[in-house]
Amino acid sequence: MQQENLNSNQSRFWVDDVSFTHTPYTLPTLNGALYRIDFAGPIIANTTNAVTVQVRNLGTTAITSFDIELDYNGVQTTQSITGVNILSLATAIVTFTPGVNISASATSISATISNVNGLGADGDASDNTKTINFTALLP
């Protein structure tokens, strides 16, 4: 086994003709990401349930406003969030109330963040949408 560059943040290792190179991730300047989607209570068919969406700032600039679109069972609901101060790597929770009407047949819900700080697209579009799959309980 051979190891190189012991005093740098770029390291390489070789083991039996296998190599590994690590390049540290650099946060973009502006990047709002969807971290988690949760229901406020049990997911029971034919009931209304509030939905919470956790937003994470994966950029270096504080997030002060954004839009979130919730898509469930073909219905889109958008909330514009202003007056927040989400620092780099911090999170904030947005609650959609009164929530969504849980259908016995719908099995997923998704959310998309956009218009971060009123600037449209952010620095990494790959983390702007989150989808979860679930099974509603039949009473």
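Preceding block: the structure.
Residues numbered from 1 in each chain as written. Predicted model: local features only at pLDDT ≥ 70, side-chain atom pairs only at ≥ 80, totals over all residues. Heavy atoms only, no water.

Draft legend 1. Layout of the sheet that holds strand β9 (residues 108-114). The strand order across the open sheet built from 4 strands is β7-β6-β9-β10, with neighbouring strands paired in antiparallel fashion. Strand pairing shows two members of the sheet lacking a second neighbour, β7 (75-86) and β10 (129-133), which therefore form its edges. Averaged over all pairs of adjacent strands, the angle between strand axes in this sheet comes to 20°, irrespective of strand direction. Alignment of strand β6 (residues 63-72) against β9, held across 6 bridges, turns out to be antiparallel. Along β9, the bridge assignment pairs Glu69 with Thr112. (Pairing = 2+ DSSP bridges. Helix = DSSP H or I, 4+ residues; strand = E, 2+ residues; numbered from the N terminus. Axes fitted to C-alpha atoms, helices over the stretch in contact; angles between N-to-C directions.)

Draft legend 2. The arrangement of the sheet that holds strand β8 (residues 91-101) in detail. Across the sheet, 3 strands lie side by side as β4-β5-β8; this open sheet has antiparallel pairing. Bordering the open sheet on either side are β4 (32-39) and β8, each of which pairs with just one other strand. When strand polarity is set aside, the average angle formed by the axes of neighbouring strands in this sheet is 25°.

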